[in-house]
Amino acid sequence: MIAKNDSPTGSNGEKPLLELRNLRKYFPVKGGVFLRAKAQLKAVDDVSLHIQPGETLGLVGESGCGKSTLGKCVCRLHDATEGQVLFRGQDITRLRGKSLKPFRRDIQMIFQDPAESLNSRHSVGNILEEPLLIHGVKSPAERRQRVAKLLDTVGLSKDSADRFPFEFSGGQRQRIGIARAISLNPELVVCDEPVSALDVSVQSQILNLMMDLQKEFRLSYLFIAHDLAVVKHISDRIAIMYLGKIVELGPAEEIFRNPLHAYTKALISAIPLPEPHTKRERIILKGDVPSPIDPPPGCAFARRSWIHCSEEEMNQPGEFREVQPGHWVEIHPATVENYQQYLA
Amino acid sequence: MPRIPSKRRRTALPQPLLEVRDLVTAFDTDAGQVTAVDGVSFTVEKGKTLGLVGESGCGKSVTALSIIRLLPQPMGNILGGKVLLEGKDLTQISEEEMHKVRGGRIGMIFQEPLTALNPVHRIGKQLSEVFLLHKDISRKEAWDRSIDILRKVGIPSAEVRAAEYPHQLSGGMRQRVVIAMALACKPSLVIADEPTTALDVTIQAQILELMKELQAEMGMSIIMITHDLGVIAETCDDVVVMYAGRVAEKGTVEDIFKRPAHLYTKGLLDSIPRMENERKSRLKTIEGYVPGLLELPVGARFAPRSPHPEAGEYIQSEAFKSERPGLVEIEPGHWVEDHPVVRVDKMPVQS
């Protein structure tokens, strides 16, 4: 519905809520006697994306591809090495202290493991009141009232406020995590694997809740996950990440109906389907994801791809291009079949 | 070992490889005795894969640990039932005999390969140990065999890798080493507890493929324990669905996925997001949460979450507190917990 954008940074139509421009996050790898930086770990390497108001962008990739680091750069839990994070058009990459505070309110996060992201020594009421207190809701009565309303919104009983996180099951704890994230009426919520630690029957409850909240409050989600079926269900657009780079980006249906990048195809074909005896072609990738420390030169995926190319081509980088309106893909001899047709 | 000519018909099969009969396993905790596995029965046929599926706390891992007698001591104990490996009851044999069974007749693959491997020993040495323990061979021979088996599980430059330590390998490679270890003595049964849960989806595909190939080649049976219904559908011949320590339903993979008979199984299948679903449509859910092990009733344990209109009445009844429903065979080989409020075929048709 909103996926009409003709550039990865969304220059047409409604102004994007979030925009990433050539974002890079490198971590120094220290070693030796004096712990000098001896190499760079390129966790996020030149990523440009945008998210529209009310939109869900799914970010998919395997462990170590940099998707969580990207999410943390958006929340300003990490400082980007290079590039820009723009929120409602304003550059927030280097903001500090007071000038950052309103953005802390508007951008919230939901974590994978609610058991670890909730303070076990505080009651649920305290956990939910804290953000309100920090952001200037002075009256205790009003805070309590808002906590009660929040608990109701996420489907927990009012008396939950007096209990402690360990008294709840995993699914209920994730509801508390969601309540905390929405307590200040944010516009963007970065969700880092919000359902992957939950049981199947609870996972669908949480996904439904997240979709309801999105409708009610017109939230935007950056939904980071490795489960493609879940991501497809909840996302408007999907970005596929491999070794710090976005390799394919497009509307959710388009990515599944017409995947172009070899890695996307392999990911889709690798999902175990809950239907016995379905015959389908499965692409089994060779080897593992290479290390993001000093990654191979040129196209990062070429050495794992089943599409062959020459050694010389391997060392050439791919080119991120729009092949259909809103559908972007890394074009390289080893990543897209019949790649020449897209280079016109 | 005699090969079974037909893999299709269960009725024609002779003695199963493994039979678990009325297994009861309990843990002593500060809060009292907790029955984690409560009267579970199933059989594993030769050369076939049986899936144990259920949510966290349903007792699937404890069932596996009971089979190989690796329950945490002294809290975990088998209180009743039999575990028959080709007719021999593993719950009755001595610890020494059991030692030979583990790693010999039964191999094990655990979820997290890093914790299953010893970080301070070279991979080749850890593998050699399995051979030295179960076979009467020299260290040199054991090392050579280790390299052979590493090659078999698809580890490139096996000679080099054998001399390395676990931390030097990637997650997928480590799981291959664990598989190599489980298969070293050509076991007749491999128990795989969430073997791919910690792995990425492309690596998961590699590992599942490898296990299928090795099974076709070596003919072992597998017990596949997972919460992932996709993995079950792709790898298993037979499936046991567990809920709160009991078997809710069991049958062939076709029975379970095409004609689920327990409302819990149906609820699970309905709640997974499918590729063909309409985007952003509401997902079906199972109401409520998995019950805690300290508050389990005697009656049908899924009843409090059941969508059946009479479930509420049943929970209030005396029967819920005191009468345990058995299993009923609704078609050949397809068993389901026998209580109307949890059976799919006893749900009233909605008008």
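Residues numbered from 1 in each chain as written. Chains lettered and ligands numbered in written order. Predicted model: local features only at pLDDT ≥ 70, side-chain atom pairs only at ≥ 80, totals over all residues.

Draft legend 1. Here's a closer look at the sheet that holds strand β11 (residues 319-324) of chain A. Residues and elements named next belong to chain A. Strand order in the open sheet formed by eight strands is β6-β7-β8-β3-β9-β10-β12-β11, and the pairing between neighbours is mixed. Lying at the two open borders of the sheet, with one neighbouring strand each, are β6 (107-110) and β11. When the angles between neighbouring strand axes are averaged without regard to direction, this sheet yields 25°. With four bridges joining them, strand β3 (residues 56-60) and strand β9 (residues 237-242) adopt parallel strand pairing. Following the sheet pairing, valine 60 is matched in β9 by isoleucine 240. Sitting on the sheet, helix α6 (residues 170-182) is in contact with β6 and β7 (188-192), with an inclination near 175° to β6. (Pairing = 2+ DSSP bridges. Helix = DSSP H or I, 4+ residues; strand = E, 2+ residues; numbered from the N terminus. Axes fitted to C-alpha atoms, helices over the stretch in contact; angles between N-to-C directions. Contact = placed C-beta atoms within 7 Å.)

Draft legend 2. Here's a closer look at the interface of chain A and chain B. Facing 35 residues of chain A, the contacting portion of chain B comprises 40 residues. Sorting elements by how many residues they give to the side of chain A that touches chain B places helix α7 (residues 200-217) of chain A first, with eight residues. The residue makeup of the side of chain A that touches chain B, split by class, is 19 nonpolar, nine polar and seven charged. (Nonpolar A, V, L, I, M, F, W, Y, C, P; charged D, E, K, R; others polar.)

Draft legend 3. Layout of the pairing of strand β8 (residues 221-226) of chain B. All names here are of chain B. Among the six residues that make up β8, six are buried, leaving the element largely enclosed by the rest of the structure. Looking at chain direction, strand β7 (residues 189-193) and β8 are connected through five bridges and run parallel. In the sheet register, alanine 192 faces β8, and the bridge partner there is methionine 224. With respect to chirality, the unit in which β7 leads through helix α8 (residues 201-218) into the neighbouring parallel β8 is right-handed. (Buried ≥ 20, exposed ≤ 12 C-beta atoms within 10 Å, placed from the backbone. Right-handed = clockwise from strand over helix to strand, strands pointing away.)

Draft legend 4. Quick peek at the packing of α6 of chain A against α7 of chain A. All names here are of chain A. Contact pair α6 / α7: the axes reach a minimum separation of 10 Å and the direction vectors enclose 15°. Taken together, α6 and α7 sit at an angle that is classed as roughly parallel. The interaxial crossing formed by α6 with α7 has right-handed handedness. Each of Gly170, Gly171, Gln174, Arg175, Ile178 and Ile182 in α6 lies in contact with α7, whose residues at this interface are Val202, Gln205, Ile206, Leu209, Leu213 and Phe217. (Parallel < 35°, antiparallel > 145°, perpendicular 65-115°, else oblique. Left-handed = near helix turned anticlockwise from the far one by under 90°.)

Draft legend 5. A look at the nonpolar core. Judged by nonpolar contacts, the single largest core of 179 residues is most densely connected at Leu222, Phe223 and Ile240 of chain A together with Ala180 and Ile223 of chain B. When residues of this core are assigned to their parent elements, the largest contribution, eight residues, is made by helix α7 (residues 171-183) of chain B. Those residues in contact with phenylalanine 223 of chain A, other than ones at most four positions away along the chain, are Thr56, Leu57, Gly58, Leu59, Cys191, Val231, Ile234 and Ser235 of chain A. (Core = buried A, V, L, I, M, F, W, Y, C linked by C-beta atoms within 7 Å.)

Draft legend 6. Spatial organisation of helix α1 (residues 60-67) of chain B. All names here are of chain B. The element α1 is largely enclosed, with a buried count of seven among its eight residues. All of the buried residues in α1 are Lys60, Ser61, Val62, Thr63, Leu65, Ser66 and Ile67. Positive backbone phi, at 55°, marks arginine 69, one or two positions downstream of α1.

Draft legend 7. Looking closely at the confidence of the model for chain A. When the pLDDT values of chain A are averaged, the result is 89; 96% of them are 70 or greater. Every residue in residues 1-11 of chain A scores below 50 in pLDDT, and together they form 33 contacts with partners more than four places removed in sequence or on other chains. (pLDDT = per-residue confidence, 0-100.)

Draft legend 8. Structural detail: the environment of glutamate 167 of chain A. All names here are of chain A. Assignment of secondary structure puts glutamate 167 in the loop between α5 (140-153) and α6. According to the C-beta neighbour criterion, glutamate 167 is exposed, with 12 such atoms within 10 Å. With 47 residues separating them along the chain, glutamate 167 and serine 120 place their C-alpha atoms 9.9 Å apart.

Draft legend 9. The arrangement of the packing of α7 of chain B against α8 of chain B in detail. All names here are of chain B. The N-to-C vectors of α7 and α8 enclose an angle of 20°; their axes lie 10 Å apart at closest approach. In terms of orientation, α7 lies roughly parallel with respect to α8. Here the hand of the crossing between α7 and α8 comes out right-handed. Of the residues in α8, those touching α7 at Gly171, Gly172, Gln175, Ile179 and Leu183 are Ile203, Gln206, Ile207, Leu210, Met211, Leu214 and Met218. The residue makeup of the contact of α7 with α8, split by class, is eight nonpolar, four polar and no charged.

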